[in-house]
Structures are given as structure tokens and as C-alpha cells.
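Here's the letter readout for the chains.
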Amino acid sequence: MSLLSTLARLEAVRAQRAQPLATVRHRHLSERPMVLVPLAAAGESGAPLAMLLGTDRGAPRLHFVPQPLNRTQRSEFLAAVAREVVPYLESFGDEVELLEGSEKDPVSGEKVPVVRELCADAPQLLVPNAGGVAHLALLGRSTRFRRTVEDPDPGEYPSPTEVPLLGRWLTHLTDRAQVPGSSMLLAMTGLLSRHWATGQSNLEDQHLAARLAWHLPPAGLEPAAVGAEAAEWVESARDGEGLLLHPPAGPVTDPRFDERVLAPAILRHDAAVAVRERAGAARDGAEVRRAAALVERAHAELARVLLAAALPAWHDVWNGVDLLRALPGAGHLPDRWEGDRWSFTMHRERVAAGEPPQPRRDDAVTAARKLAQREREQAKLEIQEALDDPLAMAERRLSGEAFVGEVVDVVPEWSAGRSPKPRPLLVVRTGDRPHADPGRELHRAHAEPAQRAEVVSSGPGEVVVRLLSGMGRRKDPEPGSVPEPGSTVVFTLFELAPRQSAPLPEPADTPWTHGGPPVAVEDAPVGADEWE
């Protein structure tokens, strides 16, 4: 945790209100996100129980498994979710941009012009917390190899064709969620924690309702309040039957809710189904109709209690969206969102080409490439956030990695040699204390084009900087390329673009220390569930 974050948390404790950690929004928010609130069944890790989802905050749709141990009902639940989610995901593939580029011809080795498609927009899924992301990853892993009714050997529990497709998309989105700066699948608690600090621990911040209680008074708390008191009330207040007034956001449900409400409702549903089956076996029409009514009532009762458990988290996610939309978007957001659009476009093309689903485990080459990509994106994200946000830059200034100051004097100088180049000296008055030893390389932020500089001397309150580039090719600097006295400048000790890492070897050249060239292992489709 940075010093600025610690100070913000202390201020939040003093003021009993969330304090800003950012002045701009650092993650993309779609105009049409899909919110998912998944609930998992107790007793079997990750087994689905229910999911509240939709793109309209006023019309959420609930899907649930009446008997979580029933494989057929699980399959029906997954099919229902797939019929909701997959069309939403695929709807973003209809509108594309045509981009002209070039690529190397594998035969001639020469560059040839190509036209590539890039989807104009990409889907965005929002879940309440990191547990929701992990639950979607489990669903993706357990469904992308499911056999379908169209397979030559559909097996004992064939699924509709949408189910393995849903698994492939969920696997791709949860993989993409591990890439720093990506916005295709986001947890609301993570979004809020990036932009505001509360006076509670990171673990407590994973409780979405308690997190929001530092922004907004929770419904039902009288008198209305925010801060630690409101967060504690949201986490622990119970009604006369011992049930939480504000259920947790899932995927794990409150054990007391499971014991006193959910389990009896499931038992009543099971009993009603048993009565209906016996009546059907006896071919008693009147009894069948009565049993069907019992099943319908038990089903409606289950829907009611599960909706009551998921609906508070649904509203909390949308309230978080409102808070975030009040912030202006960061300057580099379009660039990062374009990376998400490329990711979506490429996966859409893989699915359309009939490529097999993602393997159960990455080989060494794929794992190394993913790790390299995430390290590269993390470095780029930190730099871009510092450039976009004065509060993010303030953390760098506090750590001595950057400084902001006013130019008080400009001394024209030129390099030695037959073609002297401009090398002006800037005398910068600053209240920061950068680690600016003489000769240290600097980079001027917000300069166009990019400018390098070096430290000439550094003392309390003043740093003398020599500009080295970004002033044109002539003897005299291009107009506007050298800051005028009185202007404010920002210099960083870190580069403003992450360095490219050394290229990884081709898969065929993988050294034996890393398993040698990858061996193609066919992931045979299986019908068994895998929830862990």
C-alpha cells in the first residue's frame, strides 16, 4: 500500500466517508454492460445455485437450480444462462471496422497489404466481487468441454450447443480479467477500491455492501449514516429470525439463510416433485394436477427467496456504476479498450473458425506468453495512470520517481561538434524531493513529441535539467518545444513507455528446461461436471 493510499484511509476514518484515490476513471464502462450476480451452492465448491443477470437495472432475470444436486437441473440452468449471455456477447461482433495494415508473407518474406476486421465495441460483464470472477471461471472450465446433442457420441448428459460456447467465452473473459487494465470482466469491489479509499481493510472491502456504505447510506439504516457504523450495520444486522438484513453479494450465501430458508424451500420442492411423480405413476389425473400446483408453488417460493438473496447485490453493483460514471474517463482509456476490442475480435474469429476450446492447462509456451503479456500490461498501466491522473502522479512524486515544478529560467546551450544541437538548460523550482542525481535520465511528461532530459544539478527546492531531444532537427529549437519561464513542467525518472522485453523463442525452439517443444494434447470432451 502506498503512502498516499494510507493517508487516504486515515482521512476516511476521520471523515467517516470514502476518500478519492483518483480524479479520473481508470477503467472503461460500457454503455450496455451485463451485470451478473452468481450464487453458489453450499457443500460442493463452485456448484451453481442461481444467477441474477441482465443489462437493464430495472428488469433483472433470475435463473436457479431447484435441486443443486440434480445434474439434469444443473444442465438446464446452464442452458438458460447461456441463452441469455451468449447472444449478448455475440451481439458485439456484428459491427466491425476495417483497418488497413501489412503482414509478412510466409513464402516471399515480403510485407503485403492486408485488411483486418476490428469489432467496433466489445461486451462487458460486471460482477459484485472477485469471488464472482472466480465462480465464472469455474463455470467456464466445467462447461467448455461439455458434449452436446449434436455430437456423434452425446453421452449421458448432452447439453445444448450454447453451453460449451458459454464455457469458451467465460474462460476467455476470466483469462482476460487477469490482464491489468482490461475492462471486459470487472469486479465492482475492485473498481471502487481503485478509485476510493475507505477506513477498513482490503478484506473488508471485498464486502460490496460494506464498501458502498462508505459512499451512500444503506437502505434500512435509521438514522441514515455512512462510514464505519454503516458498514458494520450492513455486515452484521439481522432480523428477528436471525437472517442478515443485507445478504452477502455471493457467490457464497449466508449459512443461516441456507439452514433456515433455502434448505426447507428445497425440501418442499423435492417433496412436491415426488408427489407429482407418484401421481403420474398412478395415472391419477386429479392428483397429478394437484401435485403440479404444489410444484409450481414450491418453485415460486424458491425463486422468491433466491431473488431476495441476490437482489441487494444487484442494486449495489448498479449503484457502483453510478458512482463511477460520475468520474471523467482517463485519457488512455480508449487505447486500453481497443486492446479489449482486439481480444474480443480475435476470440470471435477463433470460435467462428471452429478451433477447439482452450486447453485445461496451459503449456509452458502459452503460460510464458501470458505472463509476459501481463507484466507488460502492468507496467504500461502504471505509467498511463500516472500520466492521466494527478493523484496517481502524486504517488510517484512522493516516492521520488517524479517531480513537478515551475520553470524559473531557461539558458540556451548547444552541443559540441560540427552540427550543434540545442541542449537548453531549465532551472526548475520544485517542492518535491526527487532521487535526481546528476546525470540521471529524465522524461518530460505530457510533451509532444516525447522529450528526454538529464539532471545537471539538484538541490533543495531547485533542479537544473538539460533537454536532450524533442526539439526538432535544426540548430534552434522548434517553437514551443522548450518550456517558457513561468510554465509548469513534470519530469519523471521512469520511462513513459514500457520497454519491450526480449522476444520469447518460437514454440518449436522451447528449451528442454521448460519442457521442450509443446506436445499437442487433445482434450477429449467429457460429460462429467468439474466444479473445483
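For the structure, check the block above.
Before going into details, it helps to say that this report is about the structure given with it. (Residues numbered from 1 in each chain as written. Predicted model: local features only at pLDDT ≥ 70, side-chain atom pairs only at ≥ 80, totals over all residues. Heavy atoms only, no water.)

Comments concerning the overall build of the chain
Scanning the chain for helices and strands turns up twelve helices and 15 strands. Projected onto its principal axes, the C-alpha positions of the chain cover 105 × 70 × 45 Å. Counting all 532 residues of the chain, 45% fall into the buried class. Intrachain contacts of the chain at a sequence separation of at least 6 include 67% that bridge at least 24 residues. Of the roughly 26,900 Å² that the chain leaves accessible, carbon and sulfur atoms contribute 53%. (Helix = DSSP H or I, 4+ residues; strand = E, 2+ residues; numbered from the N terminus. Buried < 20%, exposed > 50% of the residue type's maximum accessible area, 1.4 Å probe, protein only. Contact = heavy atoms within 4.5 Å. Areas by Shrake-Rupley, 256 points an atom, 1.4 Å probe, with all protein chains shown as cover.)

As for unusual backbone geometry
The step from Glu-222 to Pro-223 runs through a cis peptide bond, and the omega angle for that step is -5 degrees. With respect to the helices and strands, Pro-223 occurs in the loop between helix H6 (208-212) and helix H7 (228-236). Residue Pro-449 is bonded to the preceding Glu-448 through a cis peptide linkage, with omega at 5 degrees. Note on placement: Pro-449 falls in the loop between strand S12 (441-444) and strand S13 (451-459). Backbone geometry at Gln-16 places phi at a positive 55 degrees, although glycine is not the residue there.

What about the pairing of strand S4 (residues 61-64)?
The pairing of strand S3 (residues 48-54) with S4 spans four bridges and is antiparallel. Bridge pairing in S4 links Leu-52 to Leu-62. Counting the residues in the hairpin turn of S3 and S4 gives six residues. (Pairing = 2+ DSSP bridges.)

Some details on helix H1 (residues 3-15)
The end-to-end C-alpha separation of H1 is 18 Å, in line with the 18 Å expected for 13 residues at 1.5 Å each. Turning to H1, its buried residues number three or more, namely Leu-4, Ser-5, Ala-8, Arg-9 and Ala-12. With its buried residues spanning 140 degrees around the axis, H1 presents them on a single face. H1 presents Leu-3, Leu-10 and Arg-14 as exposed residues on the side facing more than 90 degrees away from its buried surface. Considering only its buried residues, H1 is in contact with strand S1 (19-20), strand S9 (196-197) and helix H12 (390-398). Positive backbone phi, approximately 55 degrees, marks Gln-16, located one or two places after H1. (Expected span 1.5 Å × (residues − 1). Arc of directions from axis to C-beta.)

Brief notes about the sheet that holds S4
Spatially, the five strands line up as an open sheet ordered S4-S3-S2-S7-S8, and their pairing is mixed. A single partner strand is all that each edge strand has here, and the edge strands are S4 and strand S8 (185-187). When strand polarity is set aside, the average angle formed by the axes of neighbouring strands in this sheet is 25 degrees. Against the sheet, helix H2 (residues 71-90) contacts strand S2 (34-40), S3, S4 and strand S7 (125-127), and its axis sits at roughly 30 degrees relative to S3. Together, S7 and S8 form the strand contacts of helix H5 (residues 188-195), whose direction differs from that of S8 by roughly 70 degrees. (Axes fitted to C-alpha atoms, helices over the stretch in contact; angles between N-to-C directions.)

Structural notes on the packing of helix H11 (residues 364-388) against H12
Following both chains from N to C, one finds H11 and H12 inclined at 110 degrees, their axes separated by 5 Å at the closest point. Classified by the interaxial angle, the pair formed by H11 and H12 is roughly perpendicular. By crossing handedness, the relation of H11 to H12 is classed as left-handed. For the pair H11 and H12, the contacting residues are Glu-382, Ile-383, Glu-385, Ala-386, Leu-387 and Asp-388 in the first and Pro-390, Ala-392, Met-393 and Arg-396 in the second. (Parallel < 35°, antiparallel > 145°, perpendicular 65-115°, else oblique. Left-handed = near helix turned anticlockwise from the far one by under 90°.)

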